[in-house]
Structures are given as C-alpha cells and as structure tokens.
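# Examination of the molecular architecture
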Amino acid sequence: MEFNKQQLVSVIMSVYNEEEKWLMQSIESILNQSYRSLEFIIILDNPDNKKLENIIKFYNKKDSRIRFFKNEKNIGLVRSLNKALTYVNGDFIARMDADDISIKSRIDKQMEYMGSHPDVDFMGARCINIDEEGTELYRDEIMPEDMKLIRSCLLNVDFINHPTWFFRKGCIDKNEGYREITCAEDYDFLLRLITNGFILGNTNEFLVRYRVRQSGISKSNSLQQLLYSKHVVKMYKDRVKYGHEKETVEDLKNIKINEHQEKRYSLALEGLTKSKLYKKKNNIYRIYLILKSCISSKYLRILLTDITFHKVKKLMYIKKVN
C-alpha cells in the first residue's frame, strides 16, 4: 500500500543537559530527513541552559518546522513528553532523544512500514549503538516482528528502544500519555498499548544511532529501572487477569533501593555491556565478563534470566515458522 507523503509526522523531543554537539547532530538528523512533511516539537526542560536554548533557536530560525517550547522550570522527562504530545498535529508521532541520531531515511522507512501494515498502530526499529564520540560499539539483536511474539517477549524484556518509536496519533488518545514511572515510563506505555488493544510491530532495519552515555538515567538508576520494570509487568498481568491494577503507580514509592545492591548491579551491568564488544573478537573473555558479572549481582542474574527467556521465545518462534 502506498503511503501519502503529505501526511504530517510529529517528532517529539525533550532536551535537558545534552552535549551541544550531540544536540546539534540530533536536530540536524531530523531536519535532514528524506521525508519532508514534519513538525519537530522540542521541549527545553532546563530553562537555565542558555547554550542549548540558543542552539534550538538557531535551528528554529533556519527551519520553520521546529516548534520550540521552554519549560518555566525543570519538570522531568515524563511531563515534558506529555506536554509535547499535547502540541502534536500529525497523524503519526516519532520519538527522538537529544543525544541520538536518526538515519536519513528513518521516517520514510517507518511511513512505508505503516503504509504496508495498516493494522499496526505502533512500531519500533533496531539501533546502532555508539559511544560518546560517535564510534559504533555494537548493533541490536534481531527483534520480534509478529504481534503475538512481541507481546510474549515484552513480559521479559523491554526490547523496543524508546528513540525508535513511531506510532499513530490514536495511541495517545486512548493511552493518555506517559505515567510517572521513573526509568520505566516507556515500558509501561507499551504494555498499556497492548492492554488497550493496539497492534505493535517492528522493522529489523537499523534506523537510529543510539548513544550509550557513561552517565544517564539508565546507568545511575539501573536497579530502580529493573525493579520498576518488574512492577509495570505485574500491573499489566493484573489488568489482563482482573481487569484492573491491584498495585498502582503510587505503590512504586514502597520499593526500597539498597545503595550497596545498586552499586553492585550497576558495575555488573557495565561488565555485561562491555562483554558485547568482544562478541566477535574474544569469545572466551566475553564469557568471563558475563560470568563475573553474574556472580557479583543477584539482580543481574534476574535480568539475564529474563533475557534468556526472551531469546528462547524468539528461537522457538523462528523454528515454528520455518
């Protein structure tokens, strides 16, 4: 099915403390998209950062497709994204982070996918993971494309990278935006999409260069992210089983994070990430890093169990299809 190249796509992005060079690369990667019918909604969530504000204003003068909004005070990623969603005029919405880079054909490819899959409401894509200097580190593994498998795998791992999201506007009308769940707001959003009857899909094309930062929410709050992710899965299962959530977002406040365990888990997670760099170079050293990380943190063992189930499900599905 042909897609209409005149359909407006709303790209939403929140900016906080990113490196100036990263922000410039991110903005340019959207403005230079081969798909031209865009509006680029940028929320500055750090009103005191004049350097980032000036960069956004510079691009705004050059390209009227940018719609720039500055928060009066820092309100956080979730509220900033929800604010951006209230401004969208497009039939489709694309997520973007201020330190990542979209491949030039990204929006074109995602519009083509949605045109050929009219039943799909939401889609993700694979990422090329890069370091802070832009050097490629590793590439995402193959993603499930079938809705049944996507739903099953999402109960183990949130494998759809947030900056690759592309979805129809109807998704936010029923999902009512993101909920205040630090580190797992995107995971919760996906599981609520499924609860609300939306169809998810994926393309296995690499459409975003995802920057792996030495610091950031996912690293500094890694254990919180794991525990909160477990909580949103529990809430999803309750919705399916009982028709409502027995535990709420408010109950997240009762989850206690042990600082010692947090540190051990963060270091173990770092070792696991490092092991990916040796996948083709030195498999023995890679296995050593994984085992060392597993021994040092029980929470990493929980994560790896979930990852293993995710991979097994994919393998079983591939065998079944073939």
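Residues numbered from 1 in each chain as written. Predicted model: local features only at pLDDT ≥ 70, side-chain atom pairs only at ≥ 80, totals over all residues. Heavy atoms only, no water.

### Quick word on the nonpolar core
Applicable threshold: Definition of nonpolar core: a set of buried residues of the types Ala, Val, Leu, Ile, Met, Phe, Trp, Tyr and Cys, connected through side-chain atoms within 4.5 Å. Type-normalised accessible area, obtained with a 1.4 Å probe on protein chains alone, sets the label of each residue: buried when under 20%, exposed when over 50%, and partly exposed for intermediate values. A run of H or I in DSSP becomes a helix once it reaches four residues, and a run of E becomes a strand once it reaches two; helices and strands are each numbered from the N terminus. Only heavy atoms enter the contact rule, under which two residues are in contact if any of them lie within 4.5 Å.
Counting 42 residues, the largest nonpolar core has L154 and L200 as the members making the most contacts within it. Secondary-structure elements contributing two or more residues to this core are strand 2 (38-44), helix 3 (77-85), helix 5 (147-154), helix 6 (170-175), helix 7 (185-195) and helix 9 (222-242). Looking at which element gives the most residues to this core, the answer is helix 7, with six residues. Discounting chain neighbours no more than four positions away, the residues touching L200 are V120, F122, E145, M147, I150, L154, L190, L193 and I194. Formed by 30 residues, the second largest nonpolar core is a distinct cluster that contains L38, L44, I66 and I107.

### Examining the UniProt feature "domain: Glycosyltransferase 2-like" (unreviewed entry) in the chain
As a reminder, the rule being used: UniProt positions are given in the numbering used here, feature names are shortened, and annotations may be inferred rather than shown by experiment.
Mapped onto this numbering, the UniProt entry annotates "domain: Glycosyltransferase 2-like" (unreviewed entry) at residues 10-170. Each end of residues 10-170 is marked by a C-alpha atom, and these two atoms are 13 Å apart; helix forms 34% of the span and strand 25%.

### Examining the pattern of salt bridges
Side chains bearing opposite charge may pair, as long as their charged atoms lie close to each other. The criterion, for reference: The rule for a salt bridge is simple: a side-chain nitrogen of Lys or Arg has to be within 4 Å of a carboxyl oxygen of Asp or Glu.
For the structure on display, the rule yields 20 salt bridges. A salt bridge links E53 to K57; the shortest N-O distance between them is 2.9 Å. In this pair, E53 and K57 are both assigned in helix 2 (residues 50-62), four residues apart and thus about one turn of the helix distant. For E53, a relative accessible area of 6% puts it in the buried group. Using a relative accessible area of 37% as the deciding quantity, one classes K57 as partly exposed. K234 serves as the salt-bridge partner of E247, at 3.6 Å between the closest nitrogen and oxygen. One end of the pair, E247, is in the loop between helix 9 and helix 10 (259-275); the other, K234, is in helix 9, and 13 residues separate them in sequence.

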